[in-house]
Structures are given as C-alpha cells and as structure tokens.
Amino acid sequence: KKVVGRSKKKTKRNGRELKKMDERLVEHEQIGSALGFEGAVRKSGYLEKRAKKSGFNWKKRYFVLNGSSLTYYESHKKMDEAKGALLLTLDCVIREVSEPRHAYCFEVASGFETLRVAATSREEADAWKNAISDAVAALESTMQRGFLDLQTIRRASVVGGSKVNWVRKFFVLHSNTLTYHQDHYNTYKNLGEFKLTAETTIFVPSLQQQQSAGEHILELVSGIHETPETQVCIKVRARDANELETWRTAIDRAVQALKNRDDLASKRGATNDETVVKDGYLATQAACGGTEKWPQQYYALTASALYQAQDTNSAEALAVYLIEPACSAYTTTLRPHAFELVTSQGVLHLAAESAEATDLWLNALRKVIANSTSLKADPLLTAARKLPIERYEVRFITKQKLNIVLERANQWAIVKQIPKGGRADLVSEGSALAAVNGTCTTLLPYDDTVRLLAGWQPPLILSFIRSPNKEGWLSKQARGRNKNALVSSKNWKKRYFKIQGGRLSYYTDPNETQPKDCIQLTGCAVSLVAKQDADGQSFCFKLNFGLGLLIMQATTLDEMIDWTATLYQAVAIANGGGYILDIERSSSNQKALQNTPISPPQLEENQKYASPPPPPASKPSPGPGSNERKTPKSFKPPPPPGRPSTSINASTKPSSPAAIHPRDTRTQELAEAERFWAEAARQEREAVHRDQLNIVPAGTSPKSQAWLANTPSAQFASPPTSDDDIGSPRAKQFVIGIRTHHDKGTIEF
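The rules behind each value
Residues numbered from 1 in each chain as written. Predicted model: local features only at pLDDT ≥ 70, side-chain atom pairs only at ≥ 80, totals over all residues. Heavy atoms only, no water. Helix = DSSP H or I, 4+ residues; strand = E, 2+ residues; numbered from the N terminus. Buried < 20%, exposed > 50% of the residue type's maximum accessible area, 1.4 Å probe, protein only. Polar contact = N/O pair within 3.5 Å; in protein donor to acceptor, adjacent residues only side chain to side chain. Contact = heavy atoms within 4.5 Å. Pairing = 2+ DSSP bridges. Phe/Tyr/Trp six-rings, centres within 6.5 Å; stacked < 30°, edge-to-face > 60°. Lys NZ or Arg CZ within 6 Å of the ring centre and 35° of its normal. Arc of directions from axis to C-beta. Axes fitted to C-alpha atoms, helices over the stretch in contact; angles between N-to-C directions. Salt bridge = Lys/Arg side-chain N within 4 Å of Asp/Glu carboxyl O. Expected span 1.5 Å × (residues − 1).

A. Geometry of the side chain of Asn-544. Mapped onto the elements, Asn-544 comes out in strand β33 (residues 540-545). Asn-544 sits in the buried class, given a relative accessible area of 5%. Here the side chain of Asn-544 touches Ser-344 through a polar contact of 3.5 Å, landing on its backbone oxygen. In contact with Asn-544, not counting residues within four places along its chain, are Val-342, Thr-343, Ser-344, Gln-345, Gly-346, Val-347, Gly-523, Cys-524, Ala-525, Ser-527 and Leu-549.

Listed below in structure tokens is the structure:
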C-alpha cells in the first residue's frame, strides 16, 4: 500500500502552479526520451552517499533523478549498471540532518527505505531537494506501479494449445516505457521493458468475457504497421477488474500523450493528410560502405518533412527528415549541382540534374523552412527560449569607414569578420544586424537591408544581436573511429571547448592559442544523443555539420542543457534566424497592435441617418517659438482615383465627429509627404560609396547585383517643384502606386 497506494493528504495547488508543474514535467520527459531514459529526467550530479547497511561508510556516487526513482551509479562514465535506487512514494519526506563531517547533508525517507546523502554546497543541496519534491508532487498524477502477473510472447511464435506460464513481477509505468522488476526494492535492475509508441494498441476483453474466462488479462501490441517477425506483444494479468481498468486507463493516457506530441510527418495512413510541395528523383550521397556513391532516390517534400524513398512505388519511406526553423539548406561543391539539407537528425547531401533543378529544390526547401513551426517535443528549443538574447548598439557620429564585412545567412546579415583597423571593440564577429537607425532588419529581405546601409549618412545607429559565448571542459568522442571497435575510455577524450563568434572550437589546454579544430556554425544543427547511440554514455549531444559529426558529453544534466541551449542559440543566429525569427515576429506584432488606432465607435440605430458631422474647429497657428513644421503651399498631392480624401473608407458607416476628425488630417498628410520627398531628393543627390562598407550579398545572382548597384538612381526621381508639375507625365510615372506607411495609417500618392 505504501508503494502503490494513494496519499490521503491532499495538497492544495492553484491552477498556475499545476500548469507550471505540467510544463516542467513535459520538458523533463522530452529530455529523458531523447537521451534514452525511461520517464522524465529531472536532475543529475555527484553526491556523497552513506552506506545503507553499515551506516558509517561514505562514498561518492553519481545520482540521476529519473522518473519516480533516485538511482545512483559508480560514476557518470559507468552508467551501464546502477549500484542502487530509492523508489519515491507519495509519502516521501525530505529533511535536513546533521553530520560531523558533512555540512550540507539531507536524507530522503520513503515509506520503506531511507537514503542519506550530502552535497558540496548549500545551493546544490537546495537544488536537489527542490527537484525531488517536484518529482514526488508529480507522482499524484503520473504514478502507476504495482505487482502483476506477466507472460511475454512474440506474435510470430504463437502456437495454439501452448502452455501458459505466469510470473509475478513489479511493474512501473513511465511516460514512454513499461518496465518490470523483481520487486519494489530492485527497480534499478530492469528484467525487461516494453516501449510505448503512438501506434501501441491495447486489447482488453469485455467484462463479460473476463467473468466467463475467470481471468483479467491486458495485452499490449507494438506498431500495427510492423511485420509479424518484428511485432512485439506483452500480456499481463491483474487480480480483479478494477485493477485491470486502472492499468488500462493509465497506459492509454500515456499512449495518447505520445500521439499528441508526435509530429504530422511521423503519422501514417489516413492520419497524414499532407500535400506534397515538390517531389522528384535526386542523387543521394550513400553512407559509408555503400556500393554506389550517389544512387538515385525519390524524395517528396511536404510542409513538415522531407520523405526519402527508394522509388515512386515504395510503400514505406526509407527516412523522414523533419523540417523546423532550425533547419537550413545550402549549395555544396561535392559534385555538380549538389546541395545539402541540415536537420537535427543529420545532414542530407543531394544533387539535382541541372542548376535550374537545384535552384527549384533550394527555393522550395527554404520556403518550407521559413514557414515551418517548431517541433512539439524539442527540449533544446524549450531550453534555448529561456536564454536571454543579448542586443547592443553601435553609433557612428561622423562619416568614416565602417570596416565591417557582412555575409548573408538566409535573409539576415551576419558580421563575418572585422578587418584590421575596424572597431572590433564595438562589433563582435558572428553578430546579426538587427536594426539600422531604428528600422528592424531581422524581418526584412537581405536586399532591403543592404539598401538601408548604402550611402549612409551620420549619425548611424546599428543594432546587433550578439552570438552567445561559452567555454569549459567537455568529453569528446574520437571522430572517424571504427564503429565496430570495442567500447573503451580511449574513444573519449577531454577537451576545452569554446563557443565564440559563431564558431565552435576545442583545445587540449585552455592556454593554447591554436585550436585542435574550429567549426563554423553556419549550416550546422545540434541535437541530443541517446545513450544507446553513444557507446552507452549518458548526457551526450551532437553537432551535425557538412560531412562531419561531433559528439560531446557533459558531466551532468544541467551542464548538458546549458551547453546545448547556448549552442542552439548560436546556430540559430548563424543560420539566419531559426526560433529567434518567431520571437521577432511576435515582438513586431505586439508593437503593431500597440500602434493600431482604436476604431471609431458605431452610432446608435436612431443616429445612422443623421446629417454629416461638422468640420472641426480651425487649428490655431503655432507661435513664434513653435517647432511645428510648416507645409509648403506649392505641394498638393491629389488623392488617388476612387478614394475619399479622408482616412475613413467611403463605405464606412458614419461615426462620431470626434472619431472622424481627431486632428487636421490634411495637414498631417502634407507633412508626411514633405518628409517623403525630402528623403527622396537626399538619396538622389547622395552617391553610393561602397568602399566605405564591405557588403557581401552572398547568394545573389549577377542580375540582382547589378540592380542593387543602380538602386539609388533608379528608384528615386526629382520631386515636383510646383502645382503644375503634379500633372506632368514625368511626375505621374513616379507617383502612381507609391505608398508610404507610418504609425497612424497609410498615405497613397
């Protein structure tokens, strides 16, 4: 009852606290699933543990708060076999205790066992106690465990009339796995497990069938699309119908949660109703050991993924590459017309038959990436969103050479390098240009950003998003080694890593000036690595880049999340946006809503046909000391055809006089027009000094480069100087279709 029973004591929590707990639980479950653990992983690290039997000896052990157990290992390098575990229960008590030789000591007491540990600092001890408290609080809604009778079979080996044997085991239901153990004291030793997926099927006989058979059996079957040879089944037997229904409800809730977190690309059959954006055959670089280097394979691109198949007649996809904002697509020089797609799952090297076909595929991929949404189960995105985005400004008061080399990454302008003589103390490499004189550039096309910088005049205010910096020790898996080699500590080496300036480099010693290797983060992707894919090592993550792969290992969960979140943000900036684009769009929408004028209130029914409102009182002329600009009498832009002279549409119902005429609309429009023409004349007079700013419009065609070079003289014409010029053919060619936006609305000329 202490292990599987419910606590009589109910803790009152408000809705906001429960929502935060659920969000943290989902995040920890995502991390645990990505790393190959059962259930949520909340915390890990080294603690001193007192021996359970003697009560005197203290040993340093590596602890992992995984699911509903506090498991400890010999070290973070030897996690293939646990030394022991404490199964958490609803009545767990966490209390501080005093030890002569350990200052920050506390113990965790469940209903049947007590574990005493010691931390190295007060902050570490508090962090562990809070994490354990959260895990215990989450048991009230997630815990399902107890003894059941077990029989495991493979559906392909089922033979009628075979003898059925049932064995009593202790089962624990995690978020993505059902494990069974000898008893509740040995939950750290898995005797077996059944992986839950979105396609897991639950079979439960009806109540009448249970009564007639005298047994209460629950059957779980793995993916229904698997072959009979690979399909796995597990059968368990409960003591009564109530116990069986409790287990069925809990397992069904876990499967439904997995279905909700699955992305559309992983769904099969009728549940996947995606539309193909582009498809066709592409040459694919084969994996190591392939007989053909670039075999032809069929690809279908949708709004959420790129599907890879052998040919158009294939019933199943060979691979599915999920498309998210962190993905990127670039041309390569591996072979003619080659390009690559970088995803968190890996890098896919492809080649089309012609340059035109390559451009079509790249445009389609980049459009899908730009319109994609973040994955539902991405713990790195969740962690990266918690990091602050550092912004800084650089002001140029006088005309001078900026000495900043910009490179195009998607639609962003990234500081590639700062030549000698440049202000490296002001601008850091790897930063993204965010604004020019208050005009946001993160949501503008790259060509528009270049035009903002061309022929600049002081004062110039440039705003940047700084690429994050981080350094410290990590373990690195040897690259290029034989995958069939025996697992050895020699395969992992300790290196000093640095994330700086949009690059990842590592050293043997932090005092070295030349790195062992340096990787540009442009075109990279970062993701977590399950322990079965990293020689059984835990808390590993990888960086996919070009033809390479770098796997790194942190010591603790918190350290791994810190490194991967920083790397995730640096890669997003280097690739030209990523998840930061969503933040920029959201911020822009909020500003637009704040600047949107309130719509005028509608009149009552009996006032709909009232006479038009009287004109507003004349505005008093400004005094001698007023700074208000006077509108020139010679400039009177006519309203466009079919459009009323007021800012209210002609079909709009009459509103209150104060709402229609809040100010002298005509005067405001003329003032805006005057500023527009003054800017046009200034840009016509100014020559473009490209030697003052090194602009690298990477990826633009020669035609577009020529158009950019002629932009100032081709876009602007001389403003009219009199009323007669307004009607001249030259003026009409220029003013028709021009629209200028400002915070109060739109003016058309």
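B. Focus on unusual backbone geometry. Backbone torsion omega between Pro-458 and Pro-459 reads 0 degrees, so that peptide bond is classified as cis. Relative to the elements of secondary structure, Pro-459 occurs in the loop between α7 (446-453) and β27 (460-465). The phi angle at His-337 is positive, at roughly 65 degrees, despite the residue not being glycine. In this structure, His-337 sits in the loop between β19 (328-331) and β20 (338-343). With a phi close to 60 degrees, Asn-410 is a non-glycine residue in the positive phi region. Residue position: Asn-410 is located in the loop between β23 (405-409) and β24 (412-417).

C. A look at the pairing of strand β5 (residues 93-99). Relative to strand β6 (residues 102-109), β5 is paired through six bridges, and the arrangement is antiparallel. Of the residues in β6, the one forming a bridge with Arg-95 is Glu-107. The turn joining β5 and β6, which pair antiparallel and follow one another in sequence, is formed by two residues.

D. Spatial organisation of the packing of aromatic side chains. Summed over the entire model, instances satisfying the criterion amount to eleven aromatic pairs. Ring plane angle 40 degrees and centroid distance 5.3 Å describe the contact between Phe-63 and Tyr-72, whose orientation is recorded as tilted. Neither residue differs from the other here; Phe-63 and Tyr-72 are each classed as buried. Each member of the aromatic cluster is reached from another via a ring pair, and the members are Tyr-46, Tyr-62 and Phe-539. Between Lys-43 and the ring centre of Trp-128, over which it is positioned, the NZ or CZ distance is 5.5 Å. The ring of Trp-563 carries the charged tip of Lys-470 above its face, separated from the ring centre by 5.1 Å.

E. Here's a closer look at α7. Of all the residues in α7, the buried ones are Tyr-446, Thr-449, Val-450 and Leu-453. Along the axis of α7, the buried positions cluster into a sector of 100 degrees, meaning they face one direction only.

F. Region of the structure containing the sheet that holds β6. Here seven strands make up an open sheet; going across it, the order is β4-β3-β2-β1-β7-β6-β5 and the pairing antiparallel. A strand with exactly one partner marks an edge of an open sheet, and here the two such strands are β4 (84-87) and β5. Within this sheet the neighbouring strands show an average axis-to-axis angle of 35 degrees, counted without direction. In the sheet, strand β3 (residues 69-73) pairs with β4 via four bridges, with the strands oriented antiparallel. Bridging from a neighbouring strand, Tyr-72 pairs with Gly-84 of β4. Against the sheet, helix α8 (residues 557-574) touches β1 (41-50) and β2 (58-66), its axis set at about 145 degrees to β1.

G. The pattern of salt bridges, seen in detail. The full count for this structure, using the stated rule, is 23 salt bridges. For Lys-43, the salt bridge is made with Asp-558, and the minimal N-O distance between the two is 2.9 Å. A residue pair is termed long-range when its members are at least 10 positions apart, and Lys-43 in strand β1 and Asp-558 in helix α8 qualify at 515 residues. Since its relative accessible area comes to 41%, Asp-558 is described here as partly exposed. The salt bridge involving Arg-391 is made with Glu-584; its shortest N-O contact spans 2.4 Å. Pair noted here: Arg-391 is in strand β22 (residues 391-396) and Glu-584 is in helix α9 (residues 579-595), with a separation of 193 residues, a long-range link. By relative accessible area, Arg-391 is classed as partly exposed at 45%. Bridged by salt links that share partners, the residues Arg-50, Arg-95, Glu-99, Glu-107 and Arg-116 form one connected network.

H. Representation of helix α5 (residues 355-371). Compared with the 24 Å implied by 1.5 Å per residue over 17 residues, the 24 Å span of α5 between its first and last C-alpha is a close match. Of the positions making up α5, those classed as buried are Thr-358, Trp-361, Leu-362, Ala-364, Leu-365, Val-368 and Ile-369. The arc that holds the buried residues of α5, viewed along the axis, is 165 degrees, so those residues lie on one side. The exposed set on the far side of α5, more than 90 degrees from its buried face, consists of Glu-356, Leu-360, Lys-367 and Asn-371. Its buried side turned inward, α5 meets β15 (278-284), β16 (296-301), β17 (305-309), β19 and β20.

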